[in-house]
Amino acid sequence: MIIHIKLFATLRLKLGVAGLEIETDKPVTIMQLLELVSQKLDTDIIPELIENGEIMVGTILLINGKNIFHADKLETLITEECEVSVFPPSGGG
Amino acid sequence: MSYHGKILRINLATKEIKPENLSKDLAKKYIGGRGLGTKIFSDEVDPKIDAFSPENKLIFATGALTSTIAPTGGRYMVITKSPLTGTIASSNSGGFFGHKLKSTGYDVLIFENKAEKPCYLYIDDEKAELRDAAHLWGKDTHETTDILMGEIGEKTAKVACIGPGGENLSLISGIMNDKNRAAGRSGVGAVMGSKMLKAIIVSGKHKTLIDDKEAFNKAVKEKIKILKENGVTGEGLPTLGTKVLDNIINSSGLYPTRNFQKAQFEGIDEISGEALVEKGYLVKNVACYACPIACGRLVELPQGKIGEGPEYEPGWAFGALCEINDLNAISQANFMCNELGVDPISVGVTIATAMELYEKGYIKKEELEKGPELKFGNSEALLYYTKKLVYKEGIGEKMALGSYRLAESYGHPELSMTVKKMEIPAYDPRGVQGQGLAYATSNRGGCHVRAYLIAPEIVGAPEKLDPQEIKGKPEWVKIFQDLTAVIDSSGLCLFTSFALGAPDYADLLNKATGFNYSVDEMMQAGERIWNMERLFNLKSGFTTKDDTLPKRLLEEPIPAGPNKGHVHRLGELLPDYYKLRGWTEDGIPTDEKLKELGL
């Protein structure tokens, strides 16, 4: 399956990458996906999003628009093609 | 205490200007800014008056921490009866004007009555004078500011003024200070226009006295450190400004599009906060007085036009809501609103309403008098109808009254996305149940900054709540409403609350004022302010029927995206909210509650 990843806010501006795809033949957790993304980008994006194993206040991780915080958090399993949106702590208006 | 203890009363008809003392007890009970201004206003003004009558007053109130070194401590509040909603209006602004207003030696200005001819008020270190403004009438807010600065010749002076929007009594006009900062909502600019008061220019060197300076300075350093280390206030907002939200809210499926007919916008990549940076429009960040966040944007468009914004709300109102993906046109419309002195949220929503009325055939082509078609996606419509609205030309005369009155004039008020006739901002309540309850119960109508539930429901600060869950939301809304009343009364920016909590605000307030509030006492002051505003609205004729949302948001499910199938569940939330507030089923504060709050 193909997972479409979209990067936003400071992460997108720092890396100069708006999106990428990860292809995998088995289900992955969001945490595993972030590790795969870091490998592909050759940059560890995890410290921008996670602190002491917890989702940082303000970090938003969405699978097809649904926040993983209300599923199994970082252990949320991806089993089919989807879009994952990644926002580091951002802000409001 | 961090007040000068002085109020200035200005009678615009008789030109009498009179200083009065501010009671310390009143300051403690109502904190300052929004609270203190509303207390004075409620005591002096009959809630049933017409907003444009001479009996309406216009109050400028600084907060307890305004003009101190507290982070973001530069804000002021305008309090009056709103001509748009008929509710109490309090409209808040940043920049440097609030700081300078307090540096004159006055905490609060009260304007009474109406001038016969255009005038402006000049205050220099307690010395105040009303001057003729005939030469300023008709000028935009930038020209007015430049002319006044030239006349006064004091480089540190600051100006708040109205543009043609306020002069022409557009119900969606604001008051602009420092050229691009706005007390934007509720039509406060039109009240100033009705009083023929074009501007206020302030200069002065009065320092705000701090009760325990050493302890206060230490507390300020601690709070700045918290703000700098927080991901939202230390990195997200400084880098991308409020427009960082475009993609967050769109991806989460609650980005109102096509006048709330949809909740996601296909053209987002062209207009988002990221696009503003990537297209090279962003020149630099702009900070208000004493602000370590600096979320403001100085922008230069490819044709060389320079201005501030667009912020998230105007960018959305002129963008997704009108289905326009032209960031240049959106930015120009925002600049125009700043220059002409109108509220870009309400203007954008009103144009989107007009587009739906036109596409459904209620507004006829002949009414456009050969102007651009009011079709969703037509970027030519933005500047054209913003100007028409300000100058009340053609269909602009109806649009100047805001979305509700426009839709009502065609027999279709249900197409207006407003609460208490004020235009709803950029979060679809069907995707955020708590925020929807906050809109429905806001004391000034459709407003997101009376309780910003997006922080917990979407951003996850201070903790993440499920946006579709309704359990517990009335409690969250009440706490946010009360705390926001405290922050507004302190003279700080609401954005600090992404990182700071109630104990931090009590700490700053106590060290500056010496009032020694417990956190509970401070929160009770917030609750007192909320109830006082509510009482004003009830006396002016509002009932529980007005605590509602547009039919579309209660009955028509979101058609696609992450929130597909959802409506707003107000009916399940409102009774619990009233109960929690200590109000009757009809939304009226009980005698016990009023006694408890000392009202």
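Per chain, residues are indexed from 1 in the order of the written sequence. Chains and ligands are labelled sequentially in the order written, the chains with letters from A and the ligands with numbers from 1. Reporting in this predicted model follows two pLDDT cut-offs: at least 70 for local features of residues, and 80 or more for side-chain atom pairs to be given and counted; totals over whole chains, interfaces and linings ignore these cut-offs and use all residues.

Colleague: Quick question: what am I supposed to make of the overall build of chain B here?
Modeller: Each helix and strand counted, chain B has 25 helices and 17 strands in total. Our radius of gyration looks at C-alpha atoms and nothing else; its globule reference is 2.2 Å times the residue count to the power 0.38. Whereas a compact globule of 599 residues would reach a radius of gyration of roughly 25 Å, chain B reaches 22 Å, a difference of no more than 12%. Overall, the C-alpha framework of chain B stretches about 60 × 55 × 45 Å when taken along its three principal axes. Here a residue counts as buried when 20 or more other C-beta atoms sit within 10 Å of its C-beta, as exposed when there are 12 or fewer, and as partly exposed otherwise, the C-beta atoms being derived from the backbone. The proportion of buried residues among the 599 residues of chain B is 63%. Residues are defined as contacting one another if the C-beta atoms placed from their backbone atoms lie within 7 Å. Restricting to contacts in chain B with at least 6 residues of sequence separation, those with at least 24 account for 69%. Each helix is a run of H or I in the DSSP string that is no shorter than four residues. Each strand is a run of E no shorter than two, and both are numbered from the N terminus.

Colleague: Could you clarify how one ought to interpret the sheet that holds strand E6 (residues 60-63) of chain A in this entry?
Modeller: Where strands meet in a sheet, backbone hydrogen bonds hold them as pairs that are either parallel or antiparallel. Residues and elements named next belong to chain A. Strand order across the open sheet formed by five strands is E2-E1-E9-E6-E7, with mixed pairing between neighbours. Of all the strands in the sheet, just strand E2 (19-23) and strand E7 (66-67) have a single pairing partner and so form its edges. Pairing between two strands requires that DSSP report at least two bridges joining them. Bridging between E6 and strand E9 (residues 82-87) involves four bridges; their strand directions are antiparallel. Looking at E9, one finds that Leu-62 is bridged to Ser-85. Only the contacting stretch of a helix is used when fitting its axis, a line to C-alpha atoms as for every element, and angles between N-to-C directions run 0 to 180 degrees. Sheet strands in contact with helix H2 (residues 30-41) are strand E1 (2-7), E2, E6 and E9, and its direction is about 115° off that of E2.

Colleague: Is there a simple way to think about the interface of chain A and chain B in this case?
Modeller: The figure often quoted for interface size is the accessible area lost as the parts come together. Counting residues at the interface gives 23 residues for chain A and 32 residues for chain B. Secondary structure elements with two or more residues in the side of chain A that touches chain B: helix H1 (9-15), E6 and E9 of chain A. Element by element, the count of residues in the side of chain A that touches chain B is highest for H1 of chain A, at four residues.

Colleague: I tried to follow helix H20 (residues 473-490) of chain B on my own but got confused; where do I start?
Modeller: An α-helical segment advances 3.6 residues per turn. Residues three or four places apart therefore align on the same side. Residues and elements named next belong to chain B. Expected helix span is computed as 1.5 Å times (number of residues minus one). With 18 residues, H20 should cover 26 Å at 1.5 Å per step; its first-to-last C-alpha distance of 25 Å lies within 8% of that length. Counting buried positions over the 18 residues of H20 gives 15, a clear majority of the element. Positioned one or two residues after H20, Gly-491 has a phi angle of 90°, which is positive.

Colleague: What am I meant to see in the domain arrangement of chain B here?
Modeller: All names here are of chain B. Here chain B is partitioned into domain 1 (6-203), domain 2 (238-422) and domain 3 (430-498 + 518-597). Just the C-alpha atoms count here: the centres of domain 2 and domain 3 sit 25 Å apart. Taken residue by residue, the interface counts 20 residues in domain 2 and 24 residues in domain 3. For the side of domain 2 that touches domain 3, the secondary structure elements donating two or more residues are helix H9 (245-251) and strand E16 (418-419). As a working rule, the residues Ala, Val, Leu, Ile, Met, Phe, Trp, Tyr, Cys and Pro are called nonpolar, Asp, Glu, Lys and Arg charged, and the rest polar, with Gly in that last group. A breakdown of the residues in the side of domain 2 that touches domain 3 according to their chemical character gives eleven nonpolar, five polar and four charged. The domain limits used here are those given by an automatic or database domain assignment.

Colleague: Explain the pairing of strand E7 (residues 119-124) of chain B here, please?
Modeller: The two faces of a sheet get side chains in turn, since along a regular strand they alternate between them. Residue and element names in this part refer to chain B. The buried fraction of E7 amounts to five of the six residues, a majority that puts the element mostly inside the structure. Where E7 meets strand E8 (residues 127-132), six bridges bridge the pair, whose relative direction is antiparallel. Bridging across to E8, Leu-121 finds its partner in Leu-130. Turn length for the E7-E8 hairpin, with the two strands adjacent in sequence and antiparallel, is two residues, and the turn residue Asp-125 shows positive phi of about 45°. Here six bridges tie E7 to strand E12 (residues 197-203), and the two strands are oriented parallel to one another. For Tyr-122, the partnering residue across the bridge sits in E12 and is Ile-201.

Colleague: What am I meant to see in the sheet that holds E7 of chain B here?
Modeller: All names here are of chain B. Read from one edge to the other, the open sheet built from six strands follows the order E8-E7-E12-E9-E10-E11, with strand pairing classed as mixed. The two strands at the open ends of the sheet, each matched to only one other strand, are E8 and strand E11 (181-183). Each strand of the sheet is rotated relative to its neighbour by a mean of 20°, with strand direction disregarded. Summarising the sheet, strand E9 (residues 158-161) and E12 pair through four bridges and their orientation is antiparallel. Bridging from a neighbouring strand, Ala-160 pairs with Ile-200 of E12.

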